[in-house]
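# Per-entry structural report
Here is how the chains run, residue by residue.
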Amino acid sequence: MQTDLIQTSLLILVLSVLAWPFGRYLARVYRGEPVWSDFLRPFERLIFKLSGVNAETSLNVAQNMKAMLRINLIFFVWAFVLLLFQGNIPLLNPDGVPGMTVHQSFHTAVSFLTNTNLQHYSGETGAAYLAQMLVFTFLQFVSAGTGMAAAVLIWQSIRSQRTSDLGNFYHYLMLSITRILLPLALVTGFVLLLNGVPATLEGAGIAHTLEGEVQTVARGPVASMVAIKQLGTNGGGFFGSNSTHPLENPNVVTNIVEWMSILFLPMAMVFGFGYFTGKRKFARILFAVMMAGFLMLFLPTLYLEGQGTNEIAAMGISQSTGNMEGKEVRFGPGLSSLWAVATTCTSNGSVNAMHDSFQSLSGTFLLLGMMVNAFFGGVGVGFINMYVFVILAVFISGLMVGRTPELWGKKLESGEIKLAALVFLMHPFLILGFTAVASGIAARDPAMGVMDGGQGLNWLNNPGFHGFTEMLYEFTSSAANNGSGFEGLGDNTVFWNLTTGLVILLSRFIPIVIPLMIAGYLAHKKSTPAGPGNLQVESRAFGLVLWFVILILSALAFFPALALGPLAGHFS
């Protein structure tokens with residue numbers, strides 16, 4: 001336990017130190033200042049010329065939102081059609097993987113489009129190499145770039161003085177991919193390749209075991225997908241067992257590199273905001289709030305998983321290594337807990353251990369990370385979610401002192417507050433509402449399943465509190481655009497593919513579009529000089545208020561559901 005604590009603390013410290021200077025690089029890239037990657041500018045201009053997009057024109061909020069939605073619609077159609085007909089395309093399909101059904105193609109295309117990557121299929125048997133490369137890996141770049149570009153539009157609204165022009169979404173999207181994601185993915189992929197992660201277009205290999213048996217070993221262009229799935233907080237996996245698979249995450253070195261990749265850009269984006277807008281002190285406040293939330297979830301999870309389970313202890317079996325159920329021996333409870341909290345605090349969703357096998361209270365903390373969805377969060381969208389909480393905290397602080405709430409000299413009026421409240425309330429509404437529907441349907445089947453097409457599908461392998469937690473987790477993961485799951489749930493059905501697909505879509509674009517609207521309103525307002533009675537958002541006191549606002553609002557929204565699920569499972 002002590003060794004795990006020291007090891008994980010050092011990793012968090014090193015990652016935070018590395019993210020700080022990279023945040024400066026992010027700001028320089030988006031502000032158009034000279035950087036080492038400027039040699040890519042002719043390539044970027046060529047792409048814009050071929051696509052007919054004028055990325056030099058500054059757009060207002062409405063134009064930027066249309067640009068974002070339009071290009072994402074094109075990406076969705078591309079992914080849906082290719083997944084549906086992958087079995088009919090002989091190119092890059094050496095193992096003869098068939099096409100997906102209509103509802104599974106819809107769910108998978110939506111999932112990867114939105115940075116969620118919730119997989120209702122097994123990667124090595126459900127997707128051809130063509131889909132792995134031209135759908136999944138491609139969308140992992142552009143979905144992460146979409147979130148980063150949206151965040152920069154909000155940064156620009158904070159930086160600018162009374163303007164309706166916020167820059168160009170296409171320009172920021174291109175910079176995010178070519179100057180940030182692509183270089184990092186090349187370096188990370190090379191490290192993974194050196195440590196044994198496959199990168200081949202050959203079909204499955206044949207291995208002869210020591211017992212004389214013949215075994216088929218799936219492989220493919222794994223390293224390239226794994227690199228961007230972690231860096232873009234995409235998640236998902238080339239293999240069905242994700243980063244627990246020895247060919248996707250072979251050793252401790254790859255485990256550390258992949259874990260650092262999950263949090264690196266969400267951390268750097270916070271510092272990048274400070275450098276881009278000149279509000280470095282406020283960026284440090286945000287980083288401290290996010291890190292405090294991360295540690296609040298990680299430390300108890302580390303402790304709980306290091307103790308082992310009561311059931312095994314009652315059998316008189318020693319658990320000196322902690323709770324090892326569902327975990328890889330090469331990682332143990334320490335690195336598994338660190339990964340689990342990192343992947344649920346962000347929108348990553350990849351796993352190096354099975355979350356379904358964590359202790360009930362540990363599952364509570366993993367759920368909370370996705371329910372809050374702002375402790376670093378996804379690349380770009382994590383900052384946007386925190387931006388909404390900042391507006392709510394400023395409003396509540398203004399009520400406490402009897403003053404009109406202001407953010408950087410711009411008054412927050414009823415319109416902005418209502419929109420921010422709508423974004424916040426939508427998250428628990430989608431999670432709890434759809435979980436209630438699924439629970440009601442499942443309760444009608446004595447086998448805890450549902451009649452679909454005349455056949456009982458038996459969704460749940462675990463009845464009672466744990467079964468409820470599995471359904472709650474699935475919709476929480478969808479609403480947080482996370483993609484991880486409690487794998488006891490049979491989710492590749494029409495019901496789960498369509499409902500989670502709908503939740504994923506709404507939870508991706510509404511929390512981006514509405515904060516952009518708020519940013520546009522504020523950018524157009526006149527800024528007034530701060531007086532002695534104004535709330536100083538750069539102060540530690542505001543950081544404390546922000547922390548408690550997040551904690552209290554999340555507890556009020558989600559505690560009843562947690563009490564019915566993981567908490568009830570623990571106390572029973």
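Overview of the structure. Since the model is a prediction, treat every value here as computed from it, not as a measurement.

### Considerations on the overall build of the protein
A count of helices and strands for the protein gives 19 helices and six strands. A principal-axis box enclosing the C-alpha atoms of the protein has dimensions of 75 × 55 × 50 Å. Among the 572 residues that make up the protein, the fraction classed as buried is 59%. The long-range fraction of contacts in the protein, counting pairs at least 24 apart against all pairs at least 6 apart in sequence, stands at 77%. If the 28 positive side-chain charges of the protein are averaged to one point and the 28 negative ones to another, these points end up 22 Å apart.

### Some points on the nonpolar core
Residues Y30, W259, F294, M386 and L546 are the most contacted members of the largest nonpolar core, which totals 179 residues. The biggest single contributor to this core is helix 6 (residues 129–159), with 18 residues. Setting aside its immediate chain neighbours within four residues, L546 contacts L286, V289, M386, F389, V390 and A393.

### What about helix 7 (residues 169–194)?
For helix 7, spanning 26 residues, the distance from its first C-alpha to its last is 36 Å, which sits close to the expected 38 Å at 1.5 Å a residue. Maximum bend of helix 7: about 35°, positioned at L181, with proline P183 one to four residues after it. At the C-terminal side of helix 7, G196 shows a positive phi close to 100°.

### Some remarks on a positive patch on the surface
A contiguous patch of positive charge on the surface is contributed by R24, R280, K281, R284 and R540. The element that contributes the greatest number of residues to the positive patch is helix 10 (residues 280–307), accounting for three residues. If you trace the backbone, R280 turns up in helix 10. R280 sits in the partly exposed class, given a relative accessible area of 46%.

### A few points about unusual backbone geometry
Residues other than glycine seldom take positive phi values, yet L92 does so here, at roughly 55°. Mapped onto the secondary structure, L92 falls in the loop between helix 3 (61–84) and helix 4 (102–113). Exposure remark for L92: the relative accessible area of 26% places this residue in the partly exposed category. At N373, a residue that is not glycine, the phi angle is positive and equals roughly 60°. Within the fold, N373 resides in the loop between helix 13 (360–372) and helix 14 (381–401).

### Quick look at the pairing of strand 2 (residues 214–217)
In this sheet, strand 2 lies alongside strand 1 (residues 205–208) in antiparallel orientation, the contact comprising four bridges. What sits directly across from I206, in strand 2, is T216.

### Some details on the packing of helix 1 (residues 2–31) against helix 10
Two elements in contact, helix 1 and helix 10, have axes separated by 12 Å at closest approach and are oriented at 160°. The angle between helix 1 and helix 10 falls in the class roughly antiparallel. For the pair helix 1 and helix 10, the sense of crossing is right-handed. On helix 10, the residues that touch D4, L5, T8, I12 and S16 of helix 1 are F287, M291, F294, L295, F298, L299 and L302. Of the residues belonging to the contact of helix 1 with helix 10, the class tally is nine nonpolar, two polar and one charged.

### As for the packing of aromatic side chains
This model, assessed by the stated rule, comprises 32 aromatic pairs. With a centroid separation of 6.2 Å and an interplanar angle of 20°, the aromatic rings of F294 and F298 are classed as stacked. Here F298 and F294 lie together in helix 10, a separation of four residues that amounts to about one turn. Aromatic pair F294 and F376: ring centres 6.4 Å apart, planes at 65°, arrangement edge-to-face. Within this pair, whereas F294 is found in helix 10, its partner F376 is found in the loop between helix 13 and helix 14, the two being separated by 82 residues in sequence. For the pair F294 and F376, one class covers both residues: buried. Taken together, the ring pairs connect Y30, W155, Y172, F273, F276, F282, F383, W408 and F542 into an aromatic cluster. Lying over the aromatic face of F276, R159 brings its terminal NZ or CZ to 5.1 Å of the ring centre.

### Regarding the environment of N492
Along the polypeptide, N492 turns up in the loop between helix 16 (464–479) and helix 17 (494–524). With 290 residues separating them along the chain, N492 and E202 place their C-alpha atoms 28 Å apart. In contact with N492, not counting residues within four places along its chain, are H103, Q104, H120 and N497. Reaching out from N492, the side chain makes a polar contact with the side chain of Q104 at a distance of 3.3 Å.

### A short note on the packing of helix 1 against helix 9 (residues 252–277)
For the pair helix 1 and helix 9, interaxial distance at closest approach is 6 Å and the crossing angle is 50°. Comparing the axis directions of helix 1 and helix 9 gives the class oblique. Of the two possible hands of crossing, helix 1 and helix 9 adopt the one that is right-handed. Looking at the contact of helix 1 with helix 9 residue by residue, the class counts come to 23 nonpolar, three polar and two charged.

Rules and cut-offs
Residues numbered from 1 in each chain as written. Predicted model: local features only at pLDDT ≥ 70, side-chain atom pairs only at ≥ 80, totals over all residues. Heavy atoms only, no water. Helix = DSSP H or I, 4+ residues; strand = E, 2+ residues; numbered from the N terminus. Buried < 20%, exposed > 50% of the residue type's maximum accessible area, 1.4 Å probe, protein only. Contact = heavy atoms within 4.5 Å. Lys, Arg positive; Asp, Glu negative; His and termini not counted. Charge placed at Lys NZ, Arg CZ, Asp CG, Glu CD. Core = buried A, V, L, I, M, F, W, Y, C linked by side-chain atoms within 4.5 Å. Expected span 1.5 Å × (residues − 1). Bend = angle between axes of the 7 residues up to and from the residue. Patch = residues over 30% accessible without salt bridge, like charges linked within 9 Å, V, L, I, M, F, W, Y side chains within 5 Å. Areas by Shrake-Rupley, 256 points an atom, 1.4 Å probe, with all protein chains shown as cover. Salt bridge = Lys/Arg side-chain N within 4 Å of Asp/Glu carboxyl O. Pairing = 2+ DSSP bridges. Axes fitted to C-alpha atoms, helices over the stretch in contact; angles between N-to-C directions. Parallel < 35°, antiparallel > 145°, perpendicular 65-115°, else oblique. Left-handed = near helix turned anticlockwise from the far one by under 90°. Nonpolar A, V, L, I, M, F, W, Y, C, P; charged D, E, K, R; others polar. Phe/Tyr/Trp six-rings, centres within 6.5 Å; stacked < 30°, edge-to-face > 60°. Lys NZ or Arg CZ within 6 Å of the ring centre and 35° of its normal. Polar contact = N/O pair within 3.5 Å; in protein donor to acceptor, adjacent residues only side chain to side chain.

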